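Below, each chain spelled out in residue letters.
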Number of protein chains: 2
Amino acid sequence: MSIQLRPIQALRLWQQASLAEVREHRPDLTERQMAILLTIYLDPPPHTVRGLADRLGVTKPVITRALDTMGALKLVSRHRDARDRRNVLVKRTVEGALFVERFGDVVVAKASELPL
Amino acid sequence: MSIQLRPIQALRLWQQASLAEVREHRPDLTERQMAILLTIYLDPPPHTVRGLADRLGVTKPVITRALDTMGALKLVSRHRDARDRRNVLVKRTVEGALFVERFGDVVVAKASELPL
DNA sequence: CATGATCGATACGGAACCGAAACGGTTCCA
DNA sequence: TGGAACCGTTTCGGTTCCGTATCGATCATG
């Protein structure tokens with residue numbers, strides 16, 4: 001058994017969750033930024049720029065720029081890898097963890113309100 | 001009964017669907033743009049700039065700019081209201097309908113793959 | 001008809017984004 | 001030890017985004 005969702009429910013869920021975020025004036029992240037943020041918080045570390053670029057199928061500058069913006073928002077942080085100083089390790093922050101957790105709760109709440 | 005989803009599942013679902021979109025090089029819409037697009041396709045018409053601005057809790061220029069971009073992508077279209085020529089009616093397009101339907105299918109597919 | 005209200009669009013300066021190419025720093029290895 | 005390979009960042013010109021304020025067009029009202 002798995003999560004059963006009809007297309008119209010999936011779209012309604014996405015709309016309601018997105019609307020809630022926009023109406024509460026959360027940072028207007030792009031789909032790419034959201035994919036990066038959730039990957040950092042859901043996939044096991046370590047996370048590097050190259051690794052994230054490969055995971056998303058985009059170029060490295062895309063990741064660098066997204067990390068710039070999300071770093072300014074304190075959603076992620078960057079640290080040089082001491083073992084291989086070419087690498088940058090992307091890490092979670094307290095603010096980022098709170099953001100992600102709260103977002104998950106919003107989606108759950110909107111899912112529970114969906115008409116069958 | 002309603003759609004039951006745990007926070008970790010909600011986050012995984014959002015990640016997997018977003019990742020799939022990014023990897024297939026779909027337009028990198030912002031959360032605001034996605035909320036506008038889904039509202040146009042899910043909520044009953046008519047849709048005006050003012051109405052969408054109120055629904056999202058943002059200013060009118062935000063809607064105008066989003067419609068500019070999504071119009072260039074052929075996801076929505078604009079038409080003057082013949083009854084009240086101050087209004088602009090935002091309408092669906094074939095391409096937009098296909099985009100939304102396909103996106104719904106992606107979310108459904110990712111939901112069905114979620115671990116319980 | 002004139003005036004005020006309402007509509008969506010536009011101007012502004014500033015910020016973030018794009019893809020492609022090049023860059024400096026680090027590590028690997030012949 | 002000197003390339004070659006790899007890393008993340010920066011640069012470039014160009015586009016889109018922001019919020020605030022204002023615009024011209026249109027409609028409703030007196």
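Residues numbered from 1 in each chain as written. Chains lettered and ligands numbered in written order. Predicted model: local features only at pLDDT ≥ 70, side-chain atom pairs only at ≥ 80, totals over all residues. Heavy atoms only, no water.

Student: Outline the relation of the copies chain B and chain A, supporting the account with residue identities and numerical values.
Tutor: Relative to chain A, chain B is turned by 180° and slid 0.0 Å along the rotation axis, the superposed coordinates differing by an RMSD of 0.0 Å. One copy is carried onto the other by what is essentially a two-fold rotation axis. Residues of chain B ranked by C-alpha distance from the rotation axis are headed by threonine 30 of chain B, positioned 2.0 Å from it. Taken together, the interface assignments show that 100% of the residues at the interface of chain B recur at the interface of chain A, consistent with an identical surface on both copies. (Least-squares fit on C-alpha atoms with pLDDT ≥ 70 in both. Contact = heavy atoms within 4.5 Å.)

Student: With reference to specific residues and values, describe the protein's contact with DNA strand D.
Tutor: The environment of DNA strand D is formed by 20 residues, the closest being Arg50 and Lys60 of chain A together with Arg32, Gln33 and Thr69 of chain B. A distance of 3.0 Å separates a phosphate oxygen of DNA strand D from a polar side-chain atom of arginine 78 of chain A. With respect to DNA strand D, the side chain of arginine 86 of chain B contributes an N or O atom lying 3.4 Å from a sugar or linking oxygen. The set of elements that each furnish at least two residues to the surface near DNA strand D consists of α3 (49-56) and α4 (60-72) of chain A together with α2 (31-42) and α4 (60-72) of chain B. At 4 residues, the largest contribution of residues to the surface near DNA strand D is made by α4 of chain B. Split by residue class, the surface near DNA strand D holds 5 nonpolar, 5 polar and 10 charged. (Near = heavy atom within 4 Å. Polar contact = N/O pair within 3.5 Å; in protein donor to acceptor, adjacent residues only side chain to side chain. Helix = DSSP H or I, 4+ residues; strand = E, 2+ residues; numbered from the N terminus. Nonpolar A, V, L, I, M, F, W, Y, C, P; charged D, E, K, R; others polar.)

Student: Got a sec to walk through the pattern of salt bridges? Specific residues and values, please.
Tutor: The full count for this structure, using the stated rule, is 14 salt bridges over all chains. With its nearest N and O atoms 2.9 Å apart, the salt bridge here joins glutamate 24 of chain A to arginine 26 of chain A. We classify glutamate 24 of chain A as partly exposed; its relative accessible area is 45%. The exposure class assigned to arginine 26 of chain A is partly exposed, which follows from its relative accessible area of 29%. For glutamate 113 of chain A, the salt bridge goes to lysine 110 of chain A, with nearest N and O atoms at 3.8 Å. Taken together, the shared-partner salt bridges in this structure form one network comprising Arg12 of chain A together with Asp43 and Arg55 of chain B. (Salt bridge = Lys/Arg side-chain N within 4 Å of Asp/Glu carboxyl O. Buried < 20%, exposed > 50% of the residue type's maximum accessible area, 1.4 Å probe, protein only.)

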